[in-house]
Amino acid sequence: MGNLLKVLTREIENYPHFFLDFENAQPTEGECEVWNQVNAVLQDSESILSGLQAYKGAGQEIRDAIQNPSDFMLQERAWNSVCPLVIKLKKFYSFSLRLEEALGSLLESLTCPPCTPTQHLEKEQALAKQFAEILHFTLRFDELKMRIPAIQNDFSYYRRTISRNRINNMNLDIENEVNNEMANRMSLFYAEATPMLKTLSNATTNFVSENKTLPLENTTDCLSTMASVCKVMLETPEYSSRFSSEDTLLFCMRVMVGVIILYDHVHPNGAFNKSSKIDMKGCIKVLKDQPADNVEGLLNALKFTTKHLNDESTPKNIRSMLQ
């Protein structure tokens, strides 16, 4: 394809427009160190999603134990059902910490002077692709988690039981795996409707506050440019037709929504303001032009996980588009 990132010749509404090949971008020598570090994390993402998808809670065992508090066998059965699930939940939580670190490395690479975010994307397409893959994973994880209420029920039962058993001085081997401090952190994580997105939002906000010498625009422009890239690829048939897989369209949609949410959390005025560098009307329209089944979760993510949608400065037509 020659240059994988191409500036479109037409300028629409003064937003940047690119084609970025999310399917085939390969790391250059200069990207390799960060790319390898992030790749080591991303390699585990599919097994994390499979584990979450296969999550079967211990609802029945817990109900039996609660209804029959004096039946020791039922208490033991519930406890033995919940413990392996808690180990699994710890694995998901630990992965979120690795993802947070990986995102920090990518943001550092894609925002550092003297290059502009546009130049970074042009030169470091493989890192841009990894950033996109993190967002894609995050939205998939959170979509799945929202459909599994058993997670919080199982974890609440675990915490109640471990507190009670500690009072009874029972030997609790699992505390070596999930001690009280870890349980507190996990509890906060799973209390979020979209825990992975919250992790990334916090990571991006922390990146900005920890890098005080880096202009905020370097980070927000990186996010808004990525949103624009995805929007154009979705609405321009000559570009979307280059994808070898239909899944790449859904990938683009998730990435677009992910960067909008991060932008909204990091930029003081948010993504919906008239001064925003993201064409929110265009982005929402692109989503609404897709099959409803593909985008319902994404539109909900814009509605419920952004920070500024309900601000007075949000144009009414934008708000009504998301109702």
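Just so we're clear, the structure is a prediction, and the values are computed from it rather than from any experiment.

Reading the values: rules and limits
Residues numbered from 1 in each chain as written. Predicted model: local features only at pLDDT ≥ 70, side-chain atom pairs only at ≥ 80, totals over all residues. Heavy atoms only, no water. Helix = DSSP H or I, 4+ residues; strand = E, 2+ residues; numbered from the N terminus. Expected span 1.5 Å × (residues − 1). Polar contact = N/O pair within 3.5 Å; in protein donor to acceptor, adjacent residues only side chain to side chain. Domains from an automatic or database assignment. Contact = heavy atoms within 4.5 Å. Buried area = accessible area lost by both parts, 1.4 Å probe. Salt bridge = Lys/Arg side-chain N within 4 Å of Asp/Glu carboxyl O. 1 Å grid on protein atoms, 1.4 Å probe; cavity = no way out; pocket = protein on both sides within 12 Å on 5 of 7 lines; lining within 4 Å. Points joined across faces, edges and corners; volume = space filled by probe spheres on them. Nonpolar A, V, L, I, M, F, W, Y, C, P; charged D, E, K, R; others polar. Phe/Tyr/Trp six-rings, centres within 6.5 Å; stacked < 30°, edge-to-face > 60°. Buried < 20%, exposed > 50% of the residue type's maximum accessible area, 1.4 Å probe, protein only. Axes fitted to C-alpha atoms, helices over the stretch in contact; angles between N-to-C directions. Parallel < 35°, antiparallel > 145°, perpendicular 65-115°, else oblique. Arc of directions from axis to C-beta.

Colleague: Would you take a moment to explain helix 4 (residues 72-111) for this structure?
Modeller: Given 3.6 residues per turn, any residue in an α-helix points the same way as the ones three and four places further on. The terminal C-alpha atoms of helix 4 lie 58 Å apart, and with 40 residues this matches the ideal 58 Å at 1.5 Å per residue to within 8%. The residue sitting at the N-terminus of helix 4 and contributing the capping side-chain oxygen is Asp71; that oxygen lies 3.1 Å from the backbone nitrogen of Met73.

Colleague: Explain the domain arrangement of the protein here, please?
Modeller: How big an interface is tends to be reported as the loss of accessible area on association of its parts. If you check the domain split of the protein, you get domain 1 (25-193) and domain 2 (215-322). Domain 1 and domain 2 are separated by 25 Å when their C-alpha centres are compared. Counting residues at the interface gives 16 residues for domain 1 and 15 residues for domain 2. Among the residues domain 1 hides against domain 2, the three largest losses belong to Leu135, His136 and Leu139. Together they make up 31% of the total. Linking domain 1 with domain 2 are one salt bridge, by the criterion used here.

Colleague: Please clarify how empty space enclosed by the protein should be interpreted in this entry.
Modeller: Leftover empty space is mapped by rolling, across the atoms, a probe with the size of a water molecule. Here the structure, examined in full by the defined rule, presents one cavity of 30 Å³ or more. Approximately 50 Å³ is the volume found for the largest cavity. Along its surface, the largest cavity is lined by Leu139, Asp142, Glu143, Met146, Thr194, Leu197, Gly297, Leu298 and Ala301. Those elements that place two or more of their residues in the lining of the largest cavity are helix 6 (125-146) and helix 14 (292-304). Looking at the lining of the largest cavity element by element, the count peaks at four residues for helix 6. Per-class residue counts for the lining of the largest cavity are five nonpolar, two polar and two charged. Split by domain, the lining of the largest cavity shows at least three residues from each of two domains, domain 1 (25-193) and domain 2 (215-322).

Colleague: I keep staring at the environment of Ile260 and nothing clicks. Help me out?
Modeller: With respect to the element layout, Ile260 can be found in helix 12 (residues 247-266). Filtering out sequence-adjacent residues up to four positions away, Ile260 remains in contact with Ala227, Ala271, Ile278, Met280, Cys283 and Leu302.

Colleague: It is not clear to me how the packing of aromatic side chains should be interpreted in this structure. Could you clarify?
Modeller: Aromatic ring pairs are defined here through the distance separating the ring centres and the angle between the ring planes. In total, this model carries nine aromatic pairs according to the counting rule given. Between the aromatic rings of Trp79 and Tyr158, the centroid separation amounts to 5.7 Å while the plane-to-plane angle is 5 degrees, which identifies the pairing as stacked. Here Trp79, found in helix 4, pairs with Tyr158, found in helix 7 (residues 150-167); they are 79 residues apart in sequence, far enough to count as distant. Grouping residues by exposure puts Trp79 and Tyr158 together as buried. Consider the rings of Phe155 and Tyr190, whose centres lie 6.5 Å apart with planes at 50 degrees: the pair is tilted. In this pair, Phe155 is assigned in helix 7 and Tyr190 in helix 8 (residues 180-191), connecting sequence segments 35 residues apart. Look at Tyr190 and you get buried, because its relative accessible area is 2%.

Colleague: What is the right way to look at the packing of helix 4 against helix 8 in this model?
Modeller: Any two packed helices are characterised by the angle at which their axes cross and by the distance between the axes. Remark: helix 4 packs on helix 8, axes separated minimally by 10 Å, with the N-to-C direction vectors making an angle of 75 degrees. Between helix 4 and helix 8, the interaxial angle falls into the category roughly perpendicular. Across the interface between the two elements, Val86, Leu89, Lys90, Phe92, Tyr93 and Ser96 from helix 4 touch Met182, Arg185, Met186, Phe189 and Tyr190 from helix 8.

Colleague: In this structure, what is going on with helix 1 (residues 32-42)? I would like to understand it.
Modeller: Restricting attention to buried positions, one finds in helix 1 the residues Val34, Val38, Val41 and Leu42. Across the axial projection of helix 1, the buried residues extend over an arc of 95 degrees, all falling on one side.

Colleague: Honestly, the side chain of Thr314 in this entry has me stumped. Any pointers?
Modeller: Tracing the backbone through its elements, the reader meets Thr314 in the loop between helix 14 and helix 15 (316-321). On the basis of relative accessibility, which here comes to 3%, the residue Thr314 falls in the buried class. Within polar-contact distance, the side chain of Thr314 engages the backbone oxygen of Leu309 at 3.1 Å. The contacts of Thr314, once residues within four sequence positions are left out, are Phe272, His308, Leu309 and Arg319.

Colleague: What is the right way to look at unusual backbone geometry in this model?
Modeller: Trans peptide bonds make up most of the peptide bonds, and negative phi angles are found at most residues other than glycine. With omega at 5 degrees, the peptide bond leading from Pro113 into Pro114 counts as cis. Within the secondary structure layout, Pro114 lies in the loop between helix 4 and helix 5 (117-123).

Colleague: I tried to follow the pattern of salt bridges on my own but got confused; where do I start?
Modeller: Applying the stated criterion across every chain, the model contains 11 salt bridges. One salt bridge in this structure joins Asp64 and Arg77, with 2.7 Å as the shortest N-O distance. With a gap of 13 residues between them, Asp64 in helix 3 (residues 59-67) and Arg77 in helix 4 connect regions that are remote in the sequence. Looking at Asp64, the relative accessible area reads 16%, which means it is buried.

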